[in-house]
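Coordinates in review
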Amino acid sequence: MASLVGAFAASHGPLLIREWEALPADQKQRLKSGFEELGRRIAAARSDVLVVVSPDHWSNFFLDNVPAVCIGVGESNDGPPEPWMKGFPHRELPGHPAFALHLVREAMTEGFEPSVSHRLKLDHGVCIPLWRMGLERLPRIVPMIVNSIEPPLPTLTRCLAWGKQLARAIASFPENLNVSILATGGLSHSIGEPTMGAIYEDFDRETLRLFGRAESELVDYLERKLPSSGNGSEEVRNWLVAHGAAGGRGFELVDYLPVPKVIVGCGFAAWRVPA
Ligand SMILES: [Fe+2]
């Protein structure tokens, strides 16, 4: 049977690549350490498959078709289409069709209805963390795209439910497979709106604290605060999927630092998953 062996979260943002060399040395070192620590743990867990829960940044979907959730079931997916991601070492990232289709079928059986793609472009949301984590061997990547960009968005409660359902689906896959989940996005940032560039550190720190409290407290806080904490902060939905999958218990905060140069509150987290 497949096992969920780890759940992780990391921020992403284009400037983590484009402004990397211009970052203050101490911040660059902490970001590097945060990403690499998650990479080390994903490798140590002998992850065969990494379910990467990420938004799509208009790379696959546009206003004519915005799925709430899309699961990539292809043999492989394309590397990032952004020109500034051209240094990313993989043009093609192998998937795991049998496992991914199992996730889709189990979701449907439980009343969740993802859309399905046989070929996705994995943009910077997926590939910046993969790149910065420095994995020597890339696990097979099963993308789970969660709309965190274009309202109406899946509710926070639904994202938690998705995570719980994902954990059940992983546990019922009949082959031996070590599966980790990597949520990417958040924490606070503001893109293309009047508050562009703002980081809401108080929001980030309280959100991180509430991941260790009851789910209702976390959801209540986010519902109240997300509308005034920058549109990019909505990407915390991906963290909620990982949180739900890991059983809703608090995670170990690997690091958090607001990085004005990349206009993102950058967080790195590892959940304790059930044995
Ligand atoms: Fe993003």
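Computed from a predicted model, the values in this text were never measured in an experiment. Per chain, residue numbering runs from 1 following the sequence as it is written. It should be noted that, the model being predicted, local features are given only for residues of pLDDT at least 70 and side-chain atom pairs only at 80 or more, the latter also being counted only at that level, while totals for whole chains, interfaces and linings use all residues. Values shown for side chains rest on all heavy atoms present in the structure; no hydrogens or waters enter the calculation.

**What to know about the sheet that holds strand E9 (residues 251-259)**
DSSP bridges decide pairing: two strands pair if at least two such bridges lie between them. A helix here means a DSSP run of H or I that spans at least four residues, while a strand means a run of E at least two residues long, and both kinds are numbered starting from the N terminus. Spatially, E6-E3-E7-E2-E8-E1-E10-E9 is the arrangement adopted by the eight strands of the open sheet, whose pairing is mixed. The sheet is open, and its two borders are formed by strand E6 (115-117) and E9, each paired with just one other strand. Ignoring which end each strand starts from, the neighbouring axes of this sheet average 20° apart. Sheet analysis places strand E1 (residues 2-10) next to strand E10 (residues 264-271), joined by four bridges and oriented antiparallel. Bridge pairing in E10 links Phe8 to Ala270. Whether two residues are in contact is decided by their heavy atoms, any of which lying within 4.5 Å being enough. Under this scheme, a helix contributes an axis fitted over its contacting stretch, all axes are lines through C-alpha atoms, and angles between N-to-C directions fall in the 0 to 180 degree range. Strands in contact with helix H4 (residues 124-133) are E1, strand E2 (49-54), strand E7 (140-146) and strand E8 (177-184); relative to E8, the strand with the most contacts, it is inclined by about 115°.

**So, the nonpolar core**
The nonpolar side chains of a soluble globular protein tend to be buried with one another. Core analysis: the largest hydrophobic core is formed by 53 residues, its most contacted members being Val51, Phe99, Met144, Ile181, Trp239 and Trp271. With eight residues, helix H5 (residues 156-171) is the largest single contributor of residues to this core. Beyond its immediate sequence surroundings of up to four residues, Ile181 is in contact with Leu4, Gly6, Ala7, Phe8, Leu50, Val51, Val53, Leu166, Ile170, Ala242 and Ala245. Within the second largest apolar cluster, 35 residues are counted, among which are Ala10, Met85, Leu120 and Cys127. In plain words, nonpolar cores are sets of buried Ala, Val, Leu, Ile, Met, Phe, Trp, Tyr and Cys residues tied together by side-chain atoms within 4.5 Å. To sort residues, take the accessible area from a 1.4 Å probe on protein chains only and compare it with the maximum for the residue type: under 20% means buried, over 50% means exposed, and anything in between is partly exposed.

**Focus: the layout of surface pockets**
As a volume, the largest pocket reaches approximately 460 Å³. Cavities and pockets are found on a 1 Å grid laid over the protein atoms alone: a cavity is a set of points where a 1.4 Å probe fits but cannot escape, a pocket is an open set with protein on both sides within 12 Å along at least five of seven lines, and a lining residue has an atom within 4 Å of such a point. In this structure, the largest pocket is lined by 21 residues; those nearest its centre are His57, Ile149, Ile191, Asn231 and Gly232. The class makeup of the residues in the lining of the largest pocket is eleven nonpolar, eight polar and two charged. Grid points are joined across faces, edges and corners, and a volume is the space filled by probe spheres set on the points. Classes in brief: Ala, Val, Leu, Ile, Met, Phe, Trp, Tyr, Cys and Pro nonpolar; Asp, Glu, Lys and Arg charged; the others, Gly included, polar.

**What about the coordination of the iron ion?**
Metal coordination here is assigned from N, O and S atoms located within 2.8 Å of the ion, or within 3.2 Å for Na, K and Ca; omission of water means that sites may look incomplete. Within the protein, the iron ion binds to His12 (NE2), His57 (NE2) and Glu235 (OE); these donor distances fall in the range 1.9 to 2.1 Å. Between consecutive donors of the iron ion, the numbers of intervening residues give the motif H-x44-H-x177-E. You can see His12 sitting in the loop between E1 and helix H1 (15-18) and its partner His57 sitting in the loop between E2 and strand E3 (69-72), a full 45 residues away along the chain. Among the residues examined, His12 registers a relative accessible area of 2% and is labelled buried.

**Side note on the side chain of Asn147**
By the secondary structure assignment, Asn147 is in the loop between E7 and H5. Pairs of N or O atoms within 3.5 Å make up the polar contacts considered here, provided that, within protein, one atom can donate a hydrogen while the other can accept it, and that residues adjacent in sequence are counted only when both atoms are side-chain atoms. A polar atom in the side chain of Asn147 sits 2.8 Å from the backbone oxygen of Glu150. With sequence-adjacent residues up to four places away left out, Asn147 is seen in contact with Val66, Pro67, Ala68, Pro152, Leu153, Pro154 and Arg237.

**Topic: helix H8 (residues 236-245)**
For an α-helix, the turn length of 3.6 residues means that residues three or four places apart are oriented alike. Summarising burial for H8: ten of the ten residues are buried, a large majority. Along H8, the residues classified as buried are Val236, Arg237, Asn238, Trp239, Leu240, Val241, Ala242, His243, Gly244 and Ala245. A positive phi of about 95° marks Gly247, the residue just after H8.

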